[in-house]
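# What the coordinates show
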Amino acid sequence: MTENIVVSCVHNTIKVPHQYKQLFKGFEKKRRGAAGSDIGASELGKEIANELKVQLYKADVTRLLVELDCSLTNKKFLFSEITERLDEKAKKSLLKEYYFSYYKKLGEELKEKIRMNGTVLHLLVHSFAPVWKGKERNADIGILYDTRRLKEKKLAEAWIMLLKENLPKARIRKNYPYRGTEDGIVSYFRKKLPHPNYSALEIEVNNAQLRNRLQSGSFRKIIAKTFYEMVQNAAKKSS
């Protein structure tokens, strides 16, 4: 029942290749914080992928080197304050080695799933900071989707229902803290791959829930198991 599922996480690492180490001198605190990666997202992505017995499509480098979850025209986020100083040749090299290679690898897998199964469900895993620009974010989990796509809406609502049943104290919201249609990987593939063959959801988890090592394990397991249950239920309804 998971043959048509692809799980990805692109803010999963703070790794900087050796040839760019000098460039990050003085930015170690920033790199190791929420700006460098989504805290706890890598572990959550692994938990979900393991539950479904599928591969996790991860990034190889920190988002501060090049931001994979935005379009090439998004000049505000594509390169950070650290890499924005590079010349055009160096930037093109970064894009070729990390940005285009990731999109190619992920795109090929999504297309293969569609070819083999007719449809693919793509889940992108993120976490978010509890406080942003001095304002507390009032959610523990956000499920992002395109409200104009009926299939995504139904899948999101089914998952949210299961999450609320299993995490009754958690604050769970739709399309929060970001809209499900914002610029990024999911929006890119919605345009590139045929509808309704391609569907996508994103999960955003408050990283305060992922920092506590004693509690985060069970929290991650519940998220993974409810996603799996949602996928199973959807498969049964469509059969």
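Everything below is about the structure shown above.
Residues numbered from 1 in each chain as written. Predicted model: local features only at pLDDT ≥ 70, side-chain atom pairs only at ≥ 80, totals over all residues. Heavy atoms only, no water.

## A look at the state of the cysteines
The final tally for this structure, using the stated rule, is zero disulfides. Of all cysteine sulfurs in the structure, the one in Cys70 sits closest to Cys9, which takes part in no disulfide; the separation is 16 Å. On the basis of relative accessible area, Cys70 is assigned to the buried category, the value being 1%. (Disulfide = S-S within 2.5 Å. Buried < 20%, exposed > 50% of the residue type's maximum accessible area, 1.4 Å probe, protein only.)

## Let's talk about the pattern of salt bridges
Evaluated as defined, the whole model comprises 19 salt bridges. Glu108 is paired through a salt bridge with Lys104; the nearest N and O atoms lie 2.7 Å apart. In this pair, Glu108 and Lys104 both sit in helix H3 (residues 88–117), four residues apart, roughly one turn of the helix. On the basis of relative accessible area, Glu108 is assigned to the partly exposed category, the value being 44%. Note that Arg190 is salt-bridged to Glu152, the shortest N-O span being 2.8 Å. Of the two residues, Arg190 sits in helix H5 (residues 185–192) while Glu152 sits in helix H4 (residues 150–166), which places them 38 residues apart along the sequence. You'll find Arg190 and Glu152 in the same group, each marked buried. One continuous salt-bridge network, built from bridges that share partners, spans Glu28, Arg31 and Arg32. (Salt bridge = Lys/Arg side-chain N within 4 Å of Asp/Glu carboxyl O. Helix = DSSP H or I, 4+ residues; strand = E, 2+ residues; numbered from the N terminus.)

## Structural notes on the pairing of strand S8 (residues 198–206)
Counting buried positions along S8 yields nine of nine residues, so the element is predominantly enclosed. Residues Tyr198, Ala200, Glu202, Glu204 and Asn206 of S8 are buried on one face, and the alternating residues Ser199, Leu201, Ile203 and Val205, pointing to the opposite face, are buried as well. By the bridge criterion, nine bridges tie strand S3 (residues 120–128) to S8 in an arrangement that is parallel. Residue pairing in the sheet places Leu121 in a bridge with Ser199 of S8. (Pairing = 2+ DSSP bridges.)

## Topic: the side chain of Glu67
Here Glu67 lies in the loop between strand S2 (56–58) and H3. A residue is classified by how much of its surface remains accessible, and Glu67, at 6% relative accessible area, is buried. At a separation of 2.6 Å, a polar atom in the side chain of Glu67 contacts the side chain of His11. For Glu67, the side chain forms a polar contact with the main-chain nitrogen of Asp69, separated by 2.8 Å. What Glu67 contacts, discounting residues up to four positions off in sequence, is His11, Phe77, Leu78 and Tyr99. (Polar contact = N/O pair within 3.5 Å; in protein donor to acceptor, adjacent residues only side chain to side chain. Contact = heavy atoms within 4.5 Å.)

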